[in-house]
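Understanding the architecture of this molecule
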Amino acid sequence: MRKWISLAGKWEAELADGSRYPVTLPGTLDTNGIGHEDRPAEKLYQDENYVENASLAGADVIATRFTRKHTYEGKAVFSRVWEEALPQDRRLFLKVERARVLTLSVDHKKVPALRGSLSTPYVFEVTGQVNPGSVIEITSDNSYEGLPHDNIVYSSAATDETQTNWNGLIGEIGIEIREKTLIERVRIYPHRRKGTDHWRFRVETEIDSAEGFAGTLALKLLEPEVREELRVEIGPGKSCVSAEMEAEVPEELLWDEFRGRLVRGKAELIPEDRGEDPAGLTDDRREECEVTFGIRSFDNNSCYLNQNAKDNGRYLCLNGRRIFLRSETNCAVFPETGHPPMEAAAWREILSTYLTYGVNSLRFHSHCPPEAAFVAADELGVLLQPELSHWNPVDAFSDPAAAAYYRKELTEILAEYADHPSFVMLTFGNELQAREDGRQVAKNLLDLCHERDQTRLFAFSSNAFYGEQGADPESDFYTAMRYRGLPMRATFDGMKGYLNADYPDAGHDYSETVSAIRESFSKPVFSFEVGQYEILPDFREIGEFHGVTEPRNLERIRENVIRKGLLKVGTLSGPSDASKPAGSPAQSAGAVNDWEKRVEASGELSLLCYREEVEAALRTEGYSGISLLGLQDFPGQGTALVGMLNSHLKAKPYPFAEPERFRSFFTDVLPLLYLTKYTYVESEGLAADVKLANYSGRDVKGRLSVELKDGEQVLFAREAGEEVLCRQGGLSPAGRVEIAPEIWRSDRNRMLTLTVSFAGYRNTCRIWVYTESSQHPVRPEEVYETGSFDGEAGRVLEAGGIVFYVPDPEGEDFPDSIRSTFSTDFWSVGTFASQEGSMGLLIDEEHPLFADYPTRFHTDHQWFVQSSQRALILPEGVKSIVTVLDSYAYLRNMGMLLEFRCLRGRVFVSSLGQIGRTEYPECRALLSSIYRYLASDAFEPEQVISYEDWVKMTTPGSDRQIPAL
């Protein structure tokens, strides 16, 4: 029997300085409005991968993360007087579901903790100590005295970059009344006999007896019941009784991905002497424990259902079939409370949001969520990968205190959450690096995991040693961003990686990396923190803050955006007119649309990049998954707004953030079209293989169908004659697409939509087809083309002529410029200061220049070559036809195509480098469009730039001479 008495309600908090405050628990000092002013702290770890941007440091506000309204680090004593009488013949346990480091005193006498960590509940036995009038004092310490402080507060478990280093008591708080002999836990570990429906269950029952116990332990599993009775005779103290039970379990009873099938088990202690009650104990004294668990196998050696994969331990297997993780990284971003939700309903909502985007797995970055998250994931069929509260990129586990604490935290996580089928993997922290002594500790911890729990997989770290030292043989899987210099994702800090370096196609994969890994490691492999493509901030989220943090970093960015004239004051996105900064320029009526269009353009490009990352991972036969970073904005580390969802986990109010668009490629079955390029000349045909990535629960049989459309006009539609069987658990050939040149011949350049479908699954991409005539650009005679703004250019303009200014993107013809990149900025320039900060293109798609050069308003594959050239830094107010979006940290006015009047003539400027890139059809076609536009009546620029100003902008050096006309 167990009875719960809640301790929720009014308490008193005393801080280290002696100040006292009334508080409501469960809660934190933050939620009770107690603490000091939040100030930026020194960076704990500094290395070449994380370099804070100096332009964001030393500000009057914290510019790199959200600001806590109240902060406090140290000991806080929460106290109250107990008023009720408690049973004297029962045992009493005080429990706090989640806290920092706790100690307990009752009537000023210390009570030792039976268990507790940052990731698991604290439990104290207070039998005979709590009486009416007793003073209960719980001391909570978030300075982690005696623990690895820096490792903890650098982790997502306690960093102010995300959930905050809160201090308080959250979740359930109360006193539990139990029998003298009690069942503390029942852990059930299911094991499947390979290739059968026969399951063996190892049942571990933890018994805690104050006086000793003799009798029977009765175990019951499933319906119809599988029963086992064991004779038990134990002395006072804790004991663990282990039993083996077997049963046939049909497939429909198994817990699985998106199928939260749960079953129940029960353990009951029946004493030999039942007193006068021959039927047993009365209900209020019966000692029994009911548990909910799931039956599933999760390993790397049971893919017997998958006929494509070799059963050699290389792949993640769920219930005997190969799966592919579509994982999101959860960094504990909870801006309203500053701590994780403690209710299952809140976690159901969180996980359901992720599911709409195609997620099937969640990695908890250097933290372990509360039990409510496991409960919700159990019900929804979501796979979870918690981590220890540990981020040490220098010398993990070398400190004996750290090694001891993390061993304790690990063992308690394994015991506390053992019955949750959603708990499938665990690592000891994020991006750990260790010396030889720390490596030995890690090896010992892995041995401990493997000994205690064979139903889960374990690894030393996510992205250990940043992938440079490869995979350690004791780990059960390898997840990293690279392997000894070979990439496992498309983009890295410093804008490195194939996505910004290689001409785009739909054929990249990581087979070379996997082959290198397989030389020494034959266990599952999946990628780490993939994506990190930043999106410009949507300021509407600012109105959603009502809790313990304030978005002063976003407010500061908004003020700068208003000051630059990019956002109209008084709109939904901006502050009230009364808050307009002094000296702000006049706002145009369309300024608000300009900023929101910028957000949308960066978001569309980010979505395009995420899609390429996902498809490249699916094209990699040796991968077992991809882990994103991420779908949700990260409020710290310089403000890394990388998500389709804002920090409140709400979809950003733009088409790019619609869940179905992300889920269209982040899914279990996807036809993959292996295009060699996205741009074609009409005389070319298209030929590409199609493979089906099938990680559903079954084989898929169907016919490949192809459709090519120009808007709503169908140019080509065909279905294959024969059906093809695509096995579950990998890539299978699904057919081939062949489109002859005559299908798309036209008198105009076209942007077409190509869709491949197989058995109801579809994938769509855009391709561009250019006419033969567009491939032979001819400069009009009346246009003076030059790579430097020299005296001759001035004389042409003075005479009313046209100058086409094309600076060399590799030279110094336009000194005020940056090197632009195809993708948006990686993570944030606040973290990686060496990055230039470009965020893609904003294209005036309605401009007459593009009458025969089809484009949308944002960067797409046909802009890859041009967008990777120089972005010209222009004076404020100068408008561009193709604007280069800039990071929130700088907000420079940058462009690549612009036009203006100068003297008596007209100037057209391009830094796109298309004249020197004529091997690409899209560059030739754009140059033809530019020439056609310059010779047309439509070329009538509205803006004016003086000759002197333009020469100053285009002349290297500080001593700029104005050429004589």
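Note that the structure is predicted; figures quoted are calculated from it, not measured.

This brings us to the overall build of the protein chain. Along its length, the protein chain carries 15 helices and 52 strands. Here the protein chain has a C-alpha radius of gyration of 32 Å; the compact-globule value for 965 residues is 30 Å, and the two agree. Seen along its three principal axes, the alpha-carbon backbone of the protein chain occupies a region of about 115 × 75 × 50 Å. Per-residue burial over the protein chain gives 62% buried out of 965 residues. Considering only residue pairs separated by 6 or more positions, the protein chain has 72% of its internal contacts joining residues 24 or more positions apart. When the accessible area of the protein chain is evaluated, it comes to approximately 35500 Å², of which 47% is carbon and sulfur surface. Side chains of the protein chain give 105 positive and 151 negative charges; the mean places of these two sets differ by 2 Å.

Glancing now at the nonpolar core. In this structure, Leu94, Phe397, Phe428, Met644 and Phe662 are the most contacted members of the largest nonpolar core, which totals 166 residues. Of the residues forming this core, the biggest block, 12 residues, is contributed by helix H9 (residues 591–618). Excluding anything up to four places from it in sequence, Met644 contacts Tyr357, Ile535, Ser606, Leu607, Tyr610, Leu631, Lys650, Ala651, Lys652, Phe656, Ala657 and Phe662. In this structure, Leu692, Ala734, Ile802 and Leu927 belong to the second largest nonpolar core, which totals 58 residues.

In terms of burial, strand S12 (residues 135–141) is a largely internal element, 6 of the 7 residues being buried. Bridge analysis of strand S6 (residues 75–81) against S12 gives 7 bridges, and the strand direction is antiparallel. Residue pairing for S12: Val77 is matched across the bridge by Thr139. Where strand S8 (residues 101–106) and S12 come together, 6 bridges link them in antiparallel fashion. From the neighbouring strand, Leu102 faces S12, where its bridge partner is Ser140.

Quick look at the pattern of salt bridges now. This model, assessed by the stated rule, comprises 70 salt bridges. Among the ionic pairs, Arg456 bridges to Asp453, the shortest N-O distance being 2.6 Å. When salt bridges that share partners are traced, they join Arg91, Arg115, Glu125, Glu184, Asp208 and Lys238 into one network.

Here the focus is helix H7 (residues 511–518). The α-helix advances 3.6 residues per turn, and as a result positions three or four apart in sequence lie on the same side. Every buried residue of H7 is accounted for by Thr513, Val514, Ala516, Ile517 and Arg518. Against the buried residues of H7 lie strand S29 (478–480), strand S30 (482–483), strand S31 (486–487) and strand S32 (525–531).

All right, on to the packing of helix H4 (residues 400–416) against helix H5 (residues 436–452) then. At a closest axis distance of 11 Å, the pairing of H4 and H5 adopts a crossing angle of 15°. For the element pair H4 / H5, the angle class is roughly parallel. You can see that H4 and H5 cross each other, and the crossing is right-handed. Contacts from Ala403, Arg407, Leu410, Thr411 and Leu414 in H4 reach Val441, Leu445, Leu448, Cys449 and Arg452 in H5.

Picture the strands of a sheet paired through backbone hydrogen bonds; they go either parallel or antiparallel. One open sheet holds the 3 strands; their spatial order is S35-S37-S42, and the pairing between them is antiparallel. The open sheet has two edge strands with one neighbour each: strand S35 (669–673) and strand S42 (730–739). Each strand of the sheet is rotated relative to its neighbour by a mean of 20°, with strand direction disregarded.

With the rule as written, the count across this model stands at 7 cavities of 30 Å³ or more. Space inside the second largest cavity adds up to approximately 90 Å³. If you go around the second largest cavity, the residues you meet are Tyr498, Leu499, Asp502, Tyr503, Pro504, Asp505, His508, Leu608, Glu612, Phe822, His861 and Phe864. Elements with a minimum of two residues in the lining of the second largest cavity: helix H6 (498–501) and H9.

Spatial ordering of the open sheet is given by S36-S44-S43-S39-S40, a layout of 5 strands whose pairing is mixed. Looking at which strands have only one partner, the edges of the open sheet turn out to be strand S36 (679–681) and strand S40 (713–719). Recorded for the sheet is a direction-independent mean angle of 25° between the axes of neighbouring strands. The pairing of S36 with strand S44 (residues 761–770) spans 3 bridges and is parallel. Counted as the bridge partner of Tyr680 is Val769 from S44. Across the face of the sheet, helix H14 (residues 921–934) comes into contact with S36 and S44 while running at roughly 70° to S36.

On to helix H3 (residues 371–380), then. Among all positions in H3, only Ala372, Ala373, Phe374, Ala376, Ala377 and Asp378 are buried. Just past H3, the residue Gly381 takes up positive phi, approximately 75°.

Right, let's get into the side chain of Thr855. Within the fold, Thr855 resides in the loop between strand S48 (838–843) and helix H13 (864–867). A polar side-chain atom of Thr855 sits 3.4 Å from a polar atom in the side chain of Gln862. In contact with Thr855, not counting residues within four places along its chain, are Ile843, Glu845, Phe850, Gln862 and Trp863.

Moving on: the confidence of the model for the protein chain. Looking at the protein chain, the pLDDT average stands at 92 and 92% of residues meet or exceed 70. Every residue in residues 46–52 scores below 50 in pLDDT, and together they form 23 contacts with partners more than four places removed in sequence or on other chains. Contacts of residues 572–592 to residues separated by more than four positions or lying in other chains number 42 contacts, the stretch itself having pLDDT below 50.

Here we come to the environment of Ala243. In this fold, Ala243 is placed in strand S18 (residues 237–248). The class for Ala243 is buried, based on a relative accessible area of 5%. Here the alpha-carbon distance between Ala243 and Thr205, two residues 38 residues apart in the chain, equals 8.4 Å. Leave out the neighbours within four places in its chain, and Ala243 touches Phe201, Arg202, Val203, Leu219 and Leu230.

Attention shifts here to the side chain of Ser823. Mapped onto the fold, Ser823 is located in the loop between strand S47 (817–819) and S48. Among residues more than four places away in sequence, those in contact with Ser823 are Met495, Leu499, Asn500, Tyr533, Leu605, Cys609, Ser838 and Gly840.

The next point concerns unusual backbone geometry. Residue Pro26 is reached from Leu25 by a cis peptide bond, and omega for that bond is 5°. Mapped onto the fold, Pro26 is located in the loop between strand S3 (20–25) and strand S4 (27–28). Backbone torsion omega between Leu629 and Gly630 reads -20°, so that peptide bond is classified as cis. Its identity is not glycine, yet Phe397 carries a phi of approximately 70°, on the positive side.

Classification of Thr855 as buried rests on a relative accessible area of 11%. For the pair Thr855 and Ser757, spaced 98 residues apart in the sequence, the C-alpha separation amounts to 25 Å. Looking at Thr855, its side chain comes within polar contact range of the side chain of Trp863, at 2.8 Å.

What counts, and at which threshold
Residues numbered from 1 in each chain as written. Predicted model: local features only at pLDDT ≥ 70, side-chain atom pairs only at ≥ 80, totals over all residues. Heavy atoms only, no water. Helix = DSSP H or I, 4+ residues; strand = E, 2+ residues; numbered from the N terminus. Rg over C-alpha atoms; globule rule 2.2 N^0.38 Å. Buried < 20%, exposed > 50% of the residue type's maximum accessible area, 1.4 Å probe, protein only. Contact = heavy atoms within 4.5 Å. Areas by Shrake-Rupley, 256 points an atom, 1.4 Å probe, with all protein chains shown as cover. Lys, Arg positive; Asp, Glu negative; His and termini not counted. Charge placed at Lys NZ, Arg CZ, Asp CG, Glu CD. Core = buried A, V, L, I, M, F, W, Y, C linked by side-chain atoms within 4.5 Å. Pairing = 2+ DSSP bridges. Salt bridge = Lys/Arg side-chain N within 4 Å of Asp/Glu carboxyl O. Axes fitted to C-alpha atoms, helices over the stretch in contact; angles between N-to-C directions. Parallel < 35°, antiparallel > 145°, perpendicular 65-115°, else oblique. Left-handed = near helix turned anticlockwise from the far one by under 90°. 1 Å grid on protein atoms, 1.4 Å probe; cavity = no way out; pocket = protein on both sides within 12 Å on 5 of 7 lines; lining within 4 Å. Points joined across faces, edges and corners; volume = space filled by probe spheres on them. Polar contact = N/O pair within 3.5 Å; in protein donor to acceptor, adjacent residues only side chain to side chain. pLDDT = per-residue confidence, 0-100.

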